[in-house]
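Commentary on secondary and tertiary structure
Residue strings, one per chain:
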Protein chains: 2
Amino acid sequence: MRTGPSQDEIRRQNLGALLRYVHVHGATSRAELTSRLGLNRSTIGALTADLAGAGLVSEGAPKETGRAGRPSLVVRPESARVYAYAYSIETDRLRAARVGLGGELLDRRELDRPPGLLVDEVVPLLAAAVKEMQQSVPAGSIRVGTGAAVCGMARRDDGLVRLSPHTGWSDESLTTRLRDELGGGLPVVTGTIADLSALAEHVRGVAAGYHNVIYLYGDAGIGAGIIAGGRRITGHGGHGGEVGHMVVNPGGRVCSCGSRGCWETEVGELALLRAAGRAGLSGQAAVLAVVDPAARGDANAQSAVRQVGDWLGFGVANLVNIFNPELVIFGGTMRDLYLAAAAQVRSRLNSNALAACREHVRLRTPKLGDDGALIGAAELAFERLLTDPLDVG
Amino acid sequence: MRTGPSQDEIRRQNLGALLRYVHVHGATSRAELTSRLGLNRSTIGALTADLAGAGLVSEGAPKETGRAGRPSLVVRPESARVYAYAYSIETDRLRAARVGLGGELLDRRELDRPPGLLVDEVVPLLAAAVKEMQQSVPAGSIRVGTGAAVCGMARRDDGLVRLSPHTGWSDESLTTRLRDELGGGLPVVTGTIADLSALAEHVRGVAAGYHNVIYLYGDAGIGAGIIAGGRRITGHGGHGGEVGHMVVNPGGRVCSCGSRGCWETEVGELALLRAAGRAGLSGQAAVLAVVDPAARGDANAQSAVRQVGDWLGFGVANLVNIFNPELVIFGGTMRDLYLAAAAQVRSRLNSNALAACREHVRLRTPKLGDDGALIGAAELAFERLLTDPLDVG
């Protein structure tokens, strides 16, 4: 009965498991790695030596522990030398970051994004930001790939942006353009901002340790990143999570997608601004210009927040009935709305969601804030390295 | 670098993989097993001998192939000797079956279920059906467990039925009662009818080979079985898929759950019967008494079918936007409604779902029909055996 994974396959799996552990948990003693990975001490030593030889981790003495005796050596990810580029392409800004192994933001750039900017115009701006950041990369660094978070629908296979009504993009192959402009023969992987923010919070944020999570992200529209059974759920073509286009009010307004009464027509920032008598404005600053006065007691703003918050609860209750999650996270402008209207959201959740579906659900804001999109994009880019560490670099 | 799964673990994995293959695909030649499982011929021979020794498979000559040369021996699941009991506890009937390895329905019983029957009254009826079936079980047979499909919300850990408004059950521990009554020290596993029907169609029905599937099951209410990324999605406590309580019409009717405008208030059988002027009736016969006249041109029935079918499309479009599935299956009374109103469902799907989310979706009826619930319950019961074949029996 000799058949099974080969020694080489087992070694690659173990290398990946060790590198993933320090990527997620940071500097870790050999002793802890031995117990957490269920491998013996000599194996941990050999794996660490291989990874250190490839420049992916380093070993050293731990920081002061205050304990007597010879301390176990600590294995650290080479965060300053091993990195991915991450982009977040949003309705009103463009962000680029260099993210080190371990999830550290090493460098970053942010640009305003004038309305109507096309893919052809966005990509050179990101390329310029990368060129600038590249100048301060230490010699001998290892770049492992690029991830991009996109406000719109990014097809899993090729990053084709299928529909992004709030940017005016339709069927634009972002991944191809990014790869062409940013070159290096390295893969470029894409996802929606909601999806990648969910991934980031699951790996190293408020959702760490949870298996069923919904991350609602709001900008002009609303999307969800979904973790179910501990894994990202993105659907057949990577287009799942379009909860903003769940119809909740069939008699409501026409949506940018052509349908009527979509959830985002009731809870998107335009809905809030319309309810507050500020139609025509948009963006997070405009949202805060309603939410802040509401907090200070402005009756008109409070009424708008309550109305839109009630609709927020409607959709959350629907998702709780469908997914029975442990956690719902409110990110982007949904964070501001949720904080202002938590009572309405909770009340609607209690009246509309079944007790069994909602009884363990926690409502939270992101631990990583807006950085989640960048960190999640980098997580996606690191995935290849973490699966087979010695095959990359 | 010796660490990895032990020889014994690899052997168990391989035994499970071989048994699962013939369980799903039926009689399979050694040659095909060798190529499909990526194991060498001598390993397949040894594994088969072990499984045959445990009474789980048998080997023999294939049926006439018409090809010259010595044919490869065929490995068959011992369907007549290795079995699970499966129950389907529905709003208006109780079903029990003995299901052989390989998914064969060896024996079955069906009983009407008077309205208002409690768990305490249901379990003895099922126990009596099992006792009767047990009399014709061949000597030397191996019983591996019991699975139950329930109309209501069954908690994964203990099968507690949390809410089943259409049966009047609330917080009833079905699993405990089944285990106590039907004994044998074997595990009893539960799921909703929708969830287990989805599982059955995914293993051996219309959803085989698909990774993202929604199975809508209708009786008095509506639930969904969800397969995403190739795996069952059941949520934190096993209560996901309660799509019938997704609010689609906030101005609509009060639902049995206490909320208002839930999808099932618009598309459940009561909604159809009300729309057809037959309020007060219920059950599949009553649904057919609307659907059949509609097919024959009855204007009143057609109007009811069109109205309810339009609402069916509403909810399906929402789910397609959320899950980006390849397949939506309509089971139970949703099958009858879908077949009568496919045009309305498709039209609403086209207008309400985003193109990228719906472009690859197929709408289908179950291949296994109502037997899906029983076969799925048995799949759940077989899972332990298929994970570690020699540890069971």
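Residues numbered from 1 in each chain as written. Chains lettered and ligands numbered in written order. Predicted model: local features only at pLDDT ≥ 70, side-chain atom pairs only at ≥ 80, totals over all residues. Heavy atoms only, no water.

This part takes up the overall build of chain A. Scanning chain A for helices and strands turns up 13 helices and 15 strands. In summary, chain A has a C-alpha radius of gyration of 23 Å against a globular reference of 21 Å for 393 residues, a match within 12%. Taking the principal axes of its C-alpha atoms as reference, chain A extends roughly 65 × 50 × 50 Å. Within chain A, contacts between residues separated by at least 24 positions form 64% of all contacts whose residues are at least 6 apart in sequence. Just so you have it, chain A exposes about 15200 Å², and 47% of that area is on carbon and sulfur atoms. Counting 42 positive and 41 negative side-chain charges, chain A places the averaged centre of each group 5 Å from the other. (Helix = DSSP H or I, 4+ residues; strand = E, 2+ residues; numbered from the N terminus. Rg over C-alpha atoms; globule rule 2.2 N^0.38 Å. Contact = heavy atoms within 4.5 Å. Areas by Shrake-Rupley, 256 points an atom, 1.4 Å probe, with all protein chains shown as cover. Lys, Arg positive; Asp, Glu negative; His and termini not counted. Charge placed at Lys NZ, Arg CZ, Asp CG, Glu CD.)

The predicted model of chain A has a mean per-residue pLDDT of 90, with 91% of residues at 70 or higher. Per-element confidence in chain A ranges from a low mean pLDDT of 60 for strand 8 (residues 160–164) of chain A to a high of 98 for strand 15 (residues 362–364) of chain A. (pLDDT = per-residue confidence, 0-100.)

Next up on the list: the sheet that holds strand 11 (residues 213–218) of chain B. Residue and element names in this part refer to chain B. If you walk across this open sheet you meet the five strands as 13-12-11-14-15, and the pairing is mixed. Unpaired on one side and paired on the other, strand 13 (231–232) and strand 15 (362–364) mark the two borders of the sheet. Relative to strand 15, strand 14 (residues 327–332) runs parallel, the two sharing three bridges. In the strand pairing of strand 15, Ile329 is matched with Arg364. The sheet contacts of helix 10 (residues 299–323) involve strand 11, strand 12 (222–228) and strand 14, and relative to strand 11 the element is tilted by about 150°. (Pairing = 2+ DSSP bridges. Axes fitted to C-alpha atoms, helices over the stretch in contact; angles between N-to-C directions.)

What follows concerns the relation of the copies chain B and chain A. With an RMSD of 0.0 Å, chain B superimposes on chain A once it is rotated by 180° and translated 0.0 Å along the axis. Here the transformation between the copies is reduced to the relation of a two-fold axis. Relative to the rotation axis, the closest C-alpha in chain B is found at Val248(B), a distance of 2.4 Å. Mapped onto chain A, 100% of the interface residues of chain B are again interface residues, and the two copies thus contact each other with one and the same surface. (Least-squares fit on C-alpha atoms with pLDDT ≥ 70 in both.)

Residues and elements named next belong to chain A. Under the domain assignment used here, chain A contains domain 1 (7–61 + 72–77), domain 2 (83–196 + 372–391) and domain 3 (210–366). The partner domain 2 presents 14 residues to the 13 residues of domain 1 that form the contact. Carbon and sulfur atoms make up 65% of the surface buried where domain 1 meets domain 2, a total of about 1200 Å² over both sides. Where domain 1 meets domain 2, there are two salt bridges. Between Arg20 and Glu383 there is a salt bridge, with the nearest N and O atoms lying 2.8 Å from each other. (Domains from an automatic or database assignment. Buried area = accessible area lost by both parts, 1.4 Å probe. Salt bridge = Lys/Arg side-chain N within 4 Å of Asp/Glu carboxyl O.)

It is worth spelling out the sheet that holds strand 2 (residues 57–60) of chain A at this point. Overall, antiparallel pairing links the three strands, which are arranged 1-3-2 (chain A) in an open sheet. With partners counted over all chains shown, the strands left at the sheet margins are strand 1 (28–29) and strand 2 of chain A, one partner each.

Attention shifts here to helix 5 (residues 174–182) of chain B. Turning to helix 5 of chain B, its buried residues number three or more, namely Leu174(B), Thr175(B), Leu178(B) and Leu182(B). All buried residues of helix 5 of chain B lie within an arc of 95° about the axis, which places them on one face of the element. (Buried < 20%, exposed > 50% of the residue type's maximum accessible area, 1.4 Å probe, protein only. Arc of directions from axis to C-beta.)

All names here are of chain A. Here the structure, examined in full by the defined rule, presents seven aromatic pairs over all chains. Aromatic side chains Phe330 and Tyr338 sit 4.2 Å apart centroid to centroid with 5° between the ring planes, which places their arrangement in the stacked category. Over the ring of Tyr83 we find Arg98, and its NZ or CZ is 4.7 Å from the ring centre. (Phe/Tyr/Trp six-rings, centres within 6.5 Å; stacked < 30°, edge-to-face > 60°. Lys NZ or Arg CZ within 6 Å of the ring centre and 35° of its normal.)

What follows concerns the interface of chain B and chain A. Counting residues at the interface gives 59 residues for chain B, matched by 59 residues for chain A. Summed over both sides, the interface between chain B and chain A buries roughly 4600 Å², with carbon and sulfur atoms accounting for 60% of that surface. Applying the counting criterion to the chain B and chain A interface returns zero salt bridges. Where chain B packs against chain A, one counts 22 residue pairs in polar contact (both at pLDDT 80 or more). Breaking the side of chain B that touches chain A down by element, the ones donating at least two residues are helix 1 (7–25), helix 3 (41–53), strand 8 (160–164), strand 12, helix 10, helix 11 (333–352) and helix 12 (355–358) of chain B. Element by element, the count of residues in the side of chain B that touches chain A is highest for helix 10 of chain B, at seven residues. Class assignment for the residues of the side of chain B that touches chain A results in 26 nonpolar, 26 polar and seven charged. (Polar contact = N/O pair within 3.5 Å; in protein donor to acceptor, adjacent residues only side chain to side chain. Nonpolar A, V, L, I, M, F, W, Y, C, P; charged D, E, K, R; others polar.)

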